[in-house]
Amino acid sequence: MDEATFTRHAEAYAGRLYAVAYRLLRNRADAEDAVQRALLKAFAARASYAPQWAVSTWLYRVLSNVCIDELRRRRPPPEPPPTGGGHHAPRVEPMDLARALDRVPREARLLLALHYVNGLSYRELAKIRGISVNTVKSQLARGKTILRKALGD
Amino acid sequence: MDRMDTALREFFGDAVVLGGRAHRLVPRLVGGPVTLEKLAGRFRIEATDRGVTRLYPGRGVLAESARARRHAAQAVEELGEYLAGRRAFFSVDVDLAGVAPFQARVLAEAGRIPFGETESYAELARRIGRPRAARAVGNALGANPVPVIVPCHRVIRGDGSWGHYAFGGEMKTRLLALERATPALVGCASTRIVCRRGCPHEQRVGEANRVVFASVPDARSVGYRPCRACRPDAAA
């Protein structure tokens, strides 16, 4: 892949990569930094890009690698205070959901972000993380169970 | 589709739209990130039979026995890989026999700070059970005989500033930036084995098969097992 082709793909996907990074890392600066580092890594490794892969799958793989390593360096958030007694909220508030996501293990959180931000299929998710489709399904289900519990659903 | 699906779709779909600014995220590709590789040959290394004793700016090796020379050669090789972003741990032995007990404890504890992470002088003082000795910890680290290998650069001031570094603040910045850009745990998508970055098995993993993990339990949870050579589970 030559430089011009790579740049074209990078520009086409930068926004979507950023959306995933932002949802995982939760701040602008880190998300921008992650996308830039991912694109530099992908560019440096473009010789080994296998054309049978979709470009998007490959870029998501590299971005996921960068984001996961960034999450490794972050300490786990302190246990949130218990949410006020068992009343059922009419809908799930975004702030609650953001906090609840912190309690979802990193692998499941990443899969949730890729699946819901960009609507990637189970098969694509499996390829991006190098895992089986069944593992993708069980991770997503587990993530959602934890979210439901955290939100007192 | 249930309520949770709808909520997740709304939450994630509420995308941070960048619009026409997306192209700004595409970095200048040529030139690439700064590497520290050329620094590899600019250290002088001293070693004994038990391991590396000193590392400082200069050239060459001071080692009297064949065994000492092997330690020094291993240190040179690992430093080169580390500075090139191909290694996230050192396995060469370090000989701290000539170091006072307090300093040895500080250095051992600094060695436990994970690759790419930082800790403050005060936190380190607390971990060795001397919470009021932050300044002494700073002095002990300042006199670290084997910088880089014993990662005193991962210790910073409580306010987030760097503090003193033997090779200069600029070098500390670059080492921490290098560690930030280097993943610590790499899995191979075809063998489903996870290694520490720098393990001989990891170095053979093809670019298309590389999957980074944040921890060994994370990797296990999706069906990867730790490598038996570099033992990432024991290191964690």
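See above for the structure.
Please read these numbers as outputs of a predicted model, since none were measured by experiment. (Residues numbered from 1 in each chain as written. Chains lettered and ligands numbered in written order. Predicted model: local features only at pLDDT ≥ 70, side-chain atom pairs only at ≥ 80, totals over all residues. Heavy atoms only, no water.)

A. Structural context of the sheet that holds strand β1 (residues 43-48) of chain B. Residue and element names in this part refer to chain B. Read across the sheet, three strands follow the order β2-β1-β3 without closing on themselves; strand pairing throughout is mixed. The sheet is open, and its two borders are formed by β2 (51-57) and β3 (61-63), each paired with just one other strand. The sheet shows a mean angle of 15° between the axes of neighbouring strands, taken without regard to direction. Sitting on the sheet, helix α2 (residues 66-83) touches β1, β2 and β3, and the angle it makes with β1 is about 145°. (Pairing = 2+ DSSP bridges. Helix = DSSP H or I, 4+ residues; strand = E, 2+ residues; numbered from the N terminus. Axes fitted to C-alpha atoms, helices over the stretch in contact; angles between N-to-C directions. Contact = heavy atoms within 4.5 Å.)

B. Looking closely at helix α7 (residues 133-150) of chain A. The end-to-end C-alpha separation of α7(A) is 26 Å, in line with the 26 Å expected for 18 residues at 1.5 Å each. For α7(A), the full list of buried residues reads A:T135, A:V136, A:Q139, A:L140, A:G143, A:K144, A:L147 and A:A150. Looking straight down α7(A), one finds that the buried residues subtend no more than 165° of arc, so they occupy a single side. Residues of α7(A) that are exposed and point more than 90 degrees away from the buried face comprise A:N134 and A:K149. In this structure, the buried residues of α7(A) make contact with α4 (94-101), α5 (106-118) and α6 (122-129) of chain A together with α1 (3-13) and α8 (216-221) of chain B. Positive phi appears at A:G152, one or two residues downstream of α7(A), with a value of about 65°. (Expected span 1.5 Å × (residues − 1). Buried < 20%, exposed > 50% of the residue type's maximum accessible area, 1.4 Å probe, protein only. Arc of directions from axis to C-beta.)

C. Molecular detail of the pairing of strand β8 (residues 210-213) of chain B. All names here are of chain B. Both faces of β8 are covered, namely the face carrying R210 and V212 and the face carrying V211 and F213. Of the pairings in the sheet, the one linking strand β6 (residues 185-188) to β8 comprises four bridges and is antiparallel in character. When the bridges of β8 are listed, V186 appears paired with V212.

D. Summary view of the pattern of salt bridges. Per the counting criterion, the structure on display carries 26 salt bridges over all chains. Note that B:R180 is salt-bridged to A:D33, the shortest N-O span being 3.2 Å. Of this pair, B:R180 sits in helix α6 (residues 169-181) while A:D33 sits in helix α2 (residues 28-44), on two different chains. Judged by relative accessible area, B:R180 falls into the partly exposed class, the value being 28%. With its nearest N and O atoms 2.7 Å apart, the salt bridge here joins B:E109 to B:R112. Judged by relative accessible area, which is 53%, B:R112 ranks as exposed. Members of the salt-bridge network, linked through shared partners, are A:D30, A:D33, A:R37, A:D69, A:E70, A:R72, A:R73, A:R74 and B:R180. (Salt bridge = Lys/Arg side-chain N within 4 Å of Asp/Glu carboxyl O.)

E. Representation of unusual backbone geometry. All names here are of chain B. Backbone geometry places R192, a non-glycine residue, at a positive phi of 55°. For R192, the position within the fold is in the loop between β6 and β7 (193-196). Of the residues examined, R192 reaches a relative accessible area of 29% and is grouped as partly exposed. Phi is positive for R231, which is not a glycine, with a value near 50°.

F. Inspection of the interface of chain B and chain A at higher detail. Counting from both sides, the interface comprises 52 residues of chain B and, opposite them, 59 residues of chain A. Approximately 4900 Å² of surface area, both sides summed, lies buried where chain B meets chain A, with 58% of it carried by carbon and sulfur atoms. Together, B:F11, B:F12 and B:R180 form the three largest contributors to the area buried by chain B at its contact with chain A, with a combined 16%. Between chain B and chain A we count five salt bridges in total. Notably, a salt bridge pairs A:E70 with B:R180, separated by 3.2 Å at the nearest N-O pair. Counting across the chain B and chain A interface gives 21 residue pairs in polar contact (both at pLDDT 80 or more). Within the residue set of the side of chain B that touches chain A, elements represented by two or more residues are α1, α6, β8 and α8 of chain B. Among the residues making up the side of chain B that touches chain A, the classes are represented as 26 nonpolar, nine polar and 17 charged. (Buried area = accessible area lost by both parts, 1.4 Å probe. Polar contact = N/O pair within 3.5 Å; in protein donor to acceptor, adjacent residues only side chain to side chain. Nonpolar A, V, L, I, M, F, W, Y, C, P; charged D, E, K, R; others polar.)

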